[in-house]
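What the coordinates show
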Amino acid sequence: MVGKPLKLKFICSTLMTGALLLSVPFTTYAASLPWEAPAAQPESPVTVKQAVTLMNEASELAGSKVRFSLDAANPVTRENLAVMLGKSLGLPDVKEPFTDVPDHNAAAGAIGALYEKQIMKGISDTLFAPAANVTQQQTALIAERVYEYLKPFELNEATIADIQQAVSQGKLTYKELTQMYLDRISKYDDQGVKLSAVISLNPKALEEAEKKDQERKENGVRGPLHGIPILVKDNYATADMPTTAGCLCLKDSVPSQDAEMIRKLKEAGAIILGKTNLDEFASGIDGASSLGGQTLNPYALDHSPGGSSAGTGAAIASNFALGGFGTDTGGSIRIPSSYNSLVGIRPTVGLTSRDGIIPLALTQDTGGPMSRTVTDAAILLDATAGYDPEDVATAYGIGHRPASYTTYLDKDGLKGARIGVATELFGTDSGAQPVTDLVNAAVKDLSKLGATTVPIAIPNLDEIMAYPSLSNYEFKFQLNDYLAKYEPDAPYHSLTEIINSGQFYKPLESSLKARDARDLGSEEYKDIVLKRTKLTRDALLKVMADHNLDAIVYPSTVQASLPIGESSKAGNNNRLSPFSGFPAISVPAGFTPDGLAAGIEFLGRSYDEPTLIKFAYAYEQGTHHRKPPALLP
């Protein structure tokens, strides 16, 4: 199937006989036009034979049995072509929006139907030009849209935009889509390779999807996430499903209300398909819990999937949903994103609400999207960012959120950028070399795509990295607060009771006991809170100012995923973002010779997600490193 659009592109270009020279991929060009733009130079009008041949070729390449015929004289008018397409495609008449097409025109219904399906558009926002001859350029564009309309829907690697287009074309319903994802989870998570990425499924997912189908028919869509199945890490409170943090101690505990980010997703029309496995209580980077077991890496089943958002990473890489959400205290979004060839955004602390997320250390915690594309990550961030009166940190984000992060999806976004390359964060031992090679190649790609890359040394880096995570200090107190507010009916009400129950992941026992003995009044804790954040922020802001940088880049992890059971060597690069509170985004950078995924991470100033998204998108579009796991076709 891969070569077929290219063949159609060649045919379309041949038809245009040199009148137009396409300089970008044909599908991209066709999709970007809001109307059938007139040719830059005069064209010979299209004949009946040319139009019919091209449309039939498009149908054949799409694997469709639809065949076109046109009973009209040469040359073909836009009105005649519309009638042929509407009749051959079996489209019911629809009221059209054009001022030059009277309602009594015999072609009006077909023109409206084709406009609705975005197969034929106007020559402007308001004019269709029914009597005008069809140009060669217009015919080529329309043939490409006919191909897109007729080709069967493919679930794997589908994007949010792909889904909404398929639903609008009548190829798919949200209920059918939801069932497709449930079937993949059943096939690969519960049996087959048994990824163990999903802890629980929403029993009402199909019912909710059906309601979204009905709502679309009656009222239209709420936005891009309408009817879109999403998987979330099982430390986000969901009032209609248990929220467990992977712990047996909470396996039947259903929260009293949704976490704020879950509420926002539902409000945007998303369907919470299920909850994903994680390192228990988000403490670790290997993906194991007492309730969910060990999550596997879909690219290498004997290797770690990364963590703590392991289930979300493995599930989204395996096409179990359109996108997902993780949480990040140290590197828990970005590490599994790197190991699973995903895009993962750790937002500025305060951009998204943490209320209703089982905490590990609120000073560092934040929730963010994980997806297969930068575009989908931006859409997911749009839906979940914003002020929440229950989380005072979000008050700092007021005025820093753009109308939409998707406006920064610029394939030329790296042109003129200045990016610091934190060479000290590159791995130096032999085990790190494959990832170092990939990141060195990524830096060269950044330069090819228009950026100026500058080697930098971050001030006080050794002192910054010597500080510990606050998860060892804050966890007990904040977990107890969460249980009191969100899960008051849980069988255990404190970390002490959970430890005494024995219903937890046994390798965590010594860590949990140490955390239960902590005192937030200690001088050590105060030193971290007061000094570490300032030291990290000052160092990053100074190096960015000294070199006039827009962002800093480095390996998301210094090594690729190691076999399960071996001590992880992800490195400490991921600490810069949580220690400063600044945003970071991990983007696929390719695969090692052993077939293991790796990523590069962009870090920017507070609330500068737009810049990071712009750079990540330009890099993604210029390289296209993302590949689905071959083990899960």
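Residues numbered from 1 in each chain as written. Predicted model: local features only at pLDDT ≥ 70, side-chain atom pairs only at ≥ 80, totals over all residues. Heavy atoms only, no water.

**Here's the deal with the pattern of salt bridges**
One side chain can pair with another of opposite charge once the charged atoms of both are near each other. For clarity, the threshold we go by: The salt bridge criterion pairs a side-chain nitrogen of Lys or Arg with a carboxyl oxygen of Asp or Glu, the two atoms within 4 Å. Each helix is a run of H or I in the DSSP string that is no shorter than four residues. Each strand is a run of E no shorter than two, and both are numbered from the N terminus. Using a 1.4 Å probe on the protein chains alone, a residue whose accessible area is under 20% of its type maximum counts as buried, one over 50% counts as exposed, and one in between counts as partly exposed.
All told, the structure shown has 28 salt bridges when counted by the stated rule. The salt bridge involving Glu390 is made with Lys485; its shortest N-O contact spans 3.0 Å. A residue pair is termed long-range when its members are at least 10 positions apart, and Glu390 in the loop between helix H13 (374-384) and strand E9 (418-422) and Lys485 in helix H16 (residues 471-486) qualify at 95 residues. The class for Glu390 is exposed, based on a relative accessible area of 51%. Using a relative accessible area of 33% as the deciding quantity, one classes Lys485 as partly exposed.

**Here's the deal with the sheet that holds strand E2 (residues 229-233)**
Inclusion rule: Pairing between two strands is assigned when DSSP locates at least 2 bridges connecting them. Axes here mean lines fitted to C-alpha atoms, for a helix over just the part in contact, with angles spanning 0 to 180 degrees between N-to-C directions. Here, residues are in contact when the closest pair of their heavy atoms is within 4.5 Å.
Within the open sheet, the 11 strands sit side by side as E1-E3-E2-E6-E8-E7-E12-E13-E11-E9-E10. Their pairing is mixed. Only two strands of the sheet have a single neighbouring strand rather than two, namely strand E1 (198-201) and strand E10 (452-456). Pairs of neighbouring strands in the sheet enclose a mean axial angle of 30°, with direction left out of account. Where strand E7 (residues 343-346) lies against strand E12 (residues 584-591), 3 bridges are found, and the strand directions are antiparallel. Looking at E12, one finds that Ile345 is bridged to Ile585. Strands in contact with helix H14 (residues 433-448) are E9, E10, strand E11 (551-555), E12 and strand E13 (597-603); relative to E13, the strand with the most contacts, it is inclined by about 50°.

**Some words on H14**
Quick note on the threshold: Here, expected helix span is obtained from the residue count minus one, scaled by 1.5 Å.
The end-to-end C-alpha distance of H14, which contains 16 residues, comes to 23 Å, matching closely the 22 Å that a straight helix rising 1.5 Å per residue would cover. Where H14 is concerned, the buried positions are Val435, Thr436, Leu438, Val439, Ala442, Val443, Asp445 and Leu446. Packed against the buried residues of H14 are E9, E10, E11, E12, E13 and helix H21 (609-623). Following H14 by one or two positions, Gly450 adopts a phi angle in the positive range, close to 110°.

**Focus: the packing of helix H8 (residues 174-190) against helix H9 (residues 205-219)**
Angle between the axes and distance between the axes: these two values describe a pair of packed helices. Stated formally: Angles are sorted into four bins: roughly parallel if under 35 degrees, roughly antiparallel if over 145, roughly perpendicular if 65 to 115, and oblique for all others. Helix crossings fall into two classes, left-handed where the near helix is turned counterclockwise from the far one by less than a right angle and right-handed where it is turned clockwise. Each residue is assigned to one of three groups, with Ala, Val, Leu, Ile, Met, Phe, Trp, Tyr, Cys and Pro labelled nonpolar, Asp, Glu, Lys and Arg labelled charged, and all others, Gly among them, labelled polar.
Taken N-terminus to C-terminus, the directions of H8 and H9 make an angle of 155°; their axes are 7 Å apart at the nearest point. It follows from the interaxial angle that H8 and H9 lie roughly antiparallel. Relative to H9, H8 is oriented so that their crossing is right-handed. For the pair formed by H8 and H9, the contact residues are Tyr174, Lys175, Thr178, Gln179 and Leu182 on the first element and Ala205, Leu206, Ala209, Glu210, Lys212, Asp213 and Arg216 on the second. Residue composition of the contact of H8 with H9, by class: 5 nonpolar, 2 polar and 5 charged.

**Quick word on helix H10 (residues 260-267)**
Residue pairs spaced three or four apart in an α-helix point in one direction, given the helix's 3.6 residues per turn. Residues of H10 that are buried include every one of Glu260, Met261, Ile262, Lys264 and Leu265, and no others. Contacts from the buried residues of H10 go to E2, strand E3 (271-276), strand E6 (323-327), strand E8 (367-371) and H13. Once H10 ends, the next one or two residues include Gly269, with phi positive near 100°.

**So, the packing of aromatic side chains**
Put simply, the rule is: Each Phe, Tyr or Trp ring (for Trp, its six-membered ring) is paired with any other whose centre lies within 6.5 Å, and the angle between the two planes then decides the class: stacked below 30 degrees, edge-to-face above 60, tilted in between.
Under the definition given, this model contains 8 aromatic pairs. Geometrically, the ring pair formed by Phe98 and Phe128 is tilted, given 5.3 Å between the ring centres and 45° between the ring planes. One end of the pair, Phe98, is in the loop between helix H4 (78-89) and helix H5 (108-116); the other, Phe128, is in the loop between H5 and helix H6 (136-150), with 30 residues separating them in the sequence. No difference in accessibility class separates Phe98 from Phe128, as the two residues are buried. An aromatic cluster of at least three residues, connected via ring pairs, comprises Phe98, Tyr115 and Phe128.

**Side note on the side chain of Thr244**
What counts here: We define a polar contact as two N or O atoms separated by no more than 3.5 Å, with the added condition that, inside protein, one atom must be a possible hydrogen donor and the other a possible acceptor, whereas residues neighbouring each other in sequence contribute only through side-chain atom pairs.
Residue placement: Thr244 occurs in the loop between E2 and H10. Given a relative accessible area of 2%, Thr244 falls into the buried group. At a separation of 2.5 Å, a polar atom in the side chain of Thr244 contacts the side chain of Asp234. A distance of 2.9 Å separates a polar side-chain atom of Thr244 from the backbone nitrogen of Gly246. Other than its neighbours up to four places away in sequence, Thr244 contacts Ile199, Asp234, Leu250, Lys251, Leu291 and Ile358.

**What to know about the nonpolar core**
Within soluble globular proteins, side chains that are nonpolar generally end up buried alongside one another. Heads up, the condition is: As used in this record, nonpolar core signifies buried Ala, Val, Leu, Ile, Met, Phe, Trp, Tyr and Cys residues forming a set joined through side-chain atoms within 4.5 Å.
By size, the foremost hydrophobic cluster in this structure holds 76 residues, and its most contacted members are Leu225, Leu265, Phe281 and Phe320. The element that contributes the greatest number of residues to this core is H8, accounting for 6 residues. The contacts of Leu225, once residues within four sequence positions are left out, are Ile160, Gln164, Leu265, Ala268, Gly269, Ala270, Ile379, Leu380 and Ala383. Counting residues in hydrophobic clusters, the runner-up holds 40 residues, among them Ala300, Val443, Leu596 and Phe615.

**With respect to unusual backbone geometry**
The step from Asn74 to Pro75 runs through a cis peptide bond, and the omega angle for that step is -10°. Residue Ser308 is reached from Gly307 by a cis peptide bond, and omega for that bond is 10°. Positionally, Ser308 belongs in the loop between strand E5 (293-294) and helix H11 (310-317). Positive phi is not limited to glycine here, since Glu157 has a value of about 70°. Within the secondary structure, Glu157 sits in the loop between H6 and helix H7 (160-168).

**Some points on the state of the cysteines**
Basically, it comes down to this: In this description, a disulfide is simply a cysteine sulfur pair whose atoms lie within 2.5 Å.
Inspection of the entire model under this criterion finds 1 disulfide. At a sulfur-sulfur separation of 2.5 Å, the disulfide partner of Cys247 is Cys249. Disulfide Cys247-Cys249: torsion about the S-S bond near 130°, hence right-handed. Per residue, the accessibility class of Cys247 equals that of Cys249, and both read buried.

**Digging into the side chain of Thr77**
Topologically, Thr77 is positioned in the loop between helix H3 (48-61) and H4. Within polar-contact distance, the side chain of Thr77 engages the backbone nitrogen of Asn80 at 3.1 Å. Setting aside chain neighbours within four positions, we find Thr77 in contact with Pro130, Ala131, Ala132, Asn133 and Val134.

**Thoughts on the pairing of E9**
Burial analysis of E9 places 4 of its 5 residues in the buried class, which makes it a mostly covered element. By the bridge criterion, 5 bridges tie E9 to E10 in an arrangement that is parallel. For Ile419, the partnering residue across the bridge sits in E10 and is Thr453. In this structure, E9 lies alongside E11, joined through 3 bridges in parallel fashion. Counted as the bridge partner of Gly420 is Ile552 from E11.

**A closer look at the pairing of E8**
A regular strand places its side chains so that they alternate between the two faces of the sheet. Burial analysis of E8 places 5 of its 5 residues in the buried class, the great majority of the element. Here 5 bridges tie E6 to E8, and the two strands are oriented antiparallel to one another. Looking at the pairing, Gly324 lines up with Met370 of E8. Pairing of E7 with E8, which is carried by 2 bridges, proceeds in the antiparallel orientation.

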